[in-house]
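Observations on the model geometry
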Amino acid sequence: SWNSLNTLTSGLSAYTQYVGFGNINYQIQDSMMKAQMNIKDFIISGEKKSVEAYEANLAKVEKGISGQKEQTDSPEQKKELDSITQTLDDLKGAFQQIISLKEKRSQLFNDNLSVLGEKIAIDLGVLMDTANNDRDDVGTYLAGMAIRSLLLGRIAVFNFLESGDMSFAEEAEKEFAQLDS
């Protein structure tokens, strides 16, 4: 009966450990899926709250992995957890690149495209007014068509940057090519 009690106790300990690992694994997977959704949300919206939520969820993943490392005696499981940690580090690096590229894209759009597009539109408007004042109907028409192409091109660029749809990039190139002709 003593052996039975010891066997039962060790069996319950193993069961408790497996259940504990199962719960930790579930929490790690849940937090990891949430972190992946936060990455997707950031790519779509560019909002800082998505980055903050990602960091909070990733901290939960790292805490879970650390806790699991402390609870296991299995060298194989520790090796697997180290591999997961390395993959997480790779994910963090890749996400930092996404953040950096998104910030660079915003800077280029705000500091260059928006400013230059507005300046060109103003210059074309002045050219159109001058042509109109000179009663140059052809010049007025051509300036109006140039403004039209510029505005449609700028809209296509904005749509491309928001969606990544290459058809918008092609449309922008077509509209800007008409400006040159």
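Residues numbered from 1 in each chain as written. Predicted model: local features only at pLDDT ≥ 70, side-chain atom pairs only at ≥ 80, totals over all residues. Heavy atoms only, no water.

1. Structural notes on the side chain of serine 149
Selection rule: A helix here means a DSSP run of H or I that spans at least four residues, while a strand means a run of E at least two residues long, and both kinds are numbered starting from the N terminus. We call two residues in contact when some of their heavy atoms are within 4.5 Å.
With respect to the helices, strands and loops of the structure, serine 149 is situated in helix H4 (residues 137-163). Every residue in contact with serine 149, bar those within four places of it in the chain, is listed here: Glu175, Gln178 and Leu179.

2. Some words on the confidence of the model for the chain
Test applied: A residue's pLDDT is the confidence the predictor assigns to it, expressed on a 0 to 100 scale.
Here the chain averages 86 in pLDDT, and 88% of its residues register 70 or above. Considering each helix and strand of the chain separately, the mean pLDDT is smallest for helix H1 (residues 2-45), with a value of 72, and largest for helix H2 (residues 48-71), with 93.

3. So, the nonpolar core
Just so we agree on the cut-off: Definition used in this section: a nonpolar core is a set of buried Ala, Val, Leu, Ile, Met, Phe, Trp, Tyr and Cys residues joined via side-chain atoms within 4.5 Å. To sort residues, take the accessible area from a 1.4 Å probe on protein chains only and compare it with the maximum for the residue type: under 20% means buried, over 50% means exposed, and anything in between is partly exposed.
If you look at the biggest cluster of nonpolar residues, it comprises 15 residues, and the most contacted ones within it are Tyr54, Val61, Ile65, Leu88 and Phe95. Mapped by element, the contributors of at least two residues to this core are H1, H2 and helix H3 (75-133). For this core, the element with the most residues is H1, which contributes six residues. Apart from the residues within four sequence positions on either side, leucine 88 is in contact with Met32, Leu58, Val61, Glu62 and Ile65.

4. Points about H2
Count 3.6 residues to each turn of an α-helix, and residues three or four apart come out pointing the same way. Going by this rule: An expected span of 1.5 Å times one less than the residue number is assigned to each helix.
The end-to-end C-alpha distance of H2, which contains 24 residues, comes to 35 Å, matching closely the 34 Å that a straight helix rising 1.5 Å per residue would cover. For H2, the complete set of buried residues consists of Ser50, Val51, Tyr54, Asn57, Leu58, Val61, Gly64, Ile65 and Gln68.

5. Observations concerning H3
Across its 59 residues, H3 extends 85 Å between first and last C-alpha, which sits within 8% of the 87 Å expected from 1.5 Å per residue. Among the residues of H3, Leu81, Leu88, Phe95, Ile99, Phe109, Gly117, Leu124 and Ala131 are the ones counted as buried.

6. Describing the pattern of salt bridges
So the rule is basically this: Salt bridge, as applied in this entry: a Lys or Arg side-chain nitrogen positioned within 4 Å of an Asp or Glu carboxyl oxygen.
Evaluated as defined, the whole model comprises nine salt bridges. Taking the shortest distance from any N to any O, the salt bridge between lysine 69 and aspartate 82 comes out at 2.7 Å. Of this pair, lysine 69 sits in helix H2 while aspartate 82 is found in helix H3, placing the two residues 13 residues apart along the sequence. Note on lysine 69: relative accessible area 26%, which makes it partly exposed. Here lysine 92 makes a salt bridge to aspartate 89, at a shortest N to O gap of 3.5 Å. Taken as a pair, lysine 92 and aspartate 89 lie in helix H3 at a separation of three residues, close to a single helical turn. Look at lysine 92 and you get partly exposed, because its relative accessible area is 29%. Via salt bridges that share partners, Glu62, Asp89 and Lys92 belong to a single interconnected network.

7. Regarding unusual backbone geometry
Generally, phi is negative for residues other than glycine and the peptide bonds are trans, each holding for most cases. Notably, arginine 135 is not glycine yet its phi reads approximately 60°, a positive angle. Judged by its relative accessible area of 74%, arginine 135 falls in the exposed class.

8. Description of the packing of aromatic side chains
Basically, it comes down to this: Two rings belonging to Phe, Tyr or Trp (six-membered ring only in the last case) form a pair when the distance between their centres is within 6.5 Å. Interplanar angles under 30 degrees mark stacking, angles over 60 mark edge-to-face geometry, and anything in between is tilted.
The tally for this structure, following the rule as stated, stands at three aromatic pairs. Summarising the aromatic geometry, the rings of tyrosine 54 and phenylalanine 95 are spaced 4.3 Å apart at their centres and angled 55° between planes, so their arrangement reads as tilted. Separated by 41 residues along the polypeptide, tyrosine 54 in helix H2 and phenylalanine 95 in helix H3 bring together distant segments of the chain. When sorted by exposure, tyrosine 54 lands in the same class as phenylalanine 95, which is buried. A ring pair is formed by phenylalanine 109 and phenylalanine 158, whose centres lie 6.0 Å apart and whose planes are at 50°; its orientation type is tilted. Of this pair, phenylalanine 109 sits in helix H3 while phenylalanine 158 is found in helix H4, placing the two residues 49 residues apart along the sequence. Aromatic ring contacts, followed pair by pair, group Phe42, Tyr54 and Phe95 into a single cluster.

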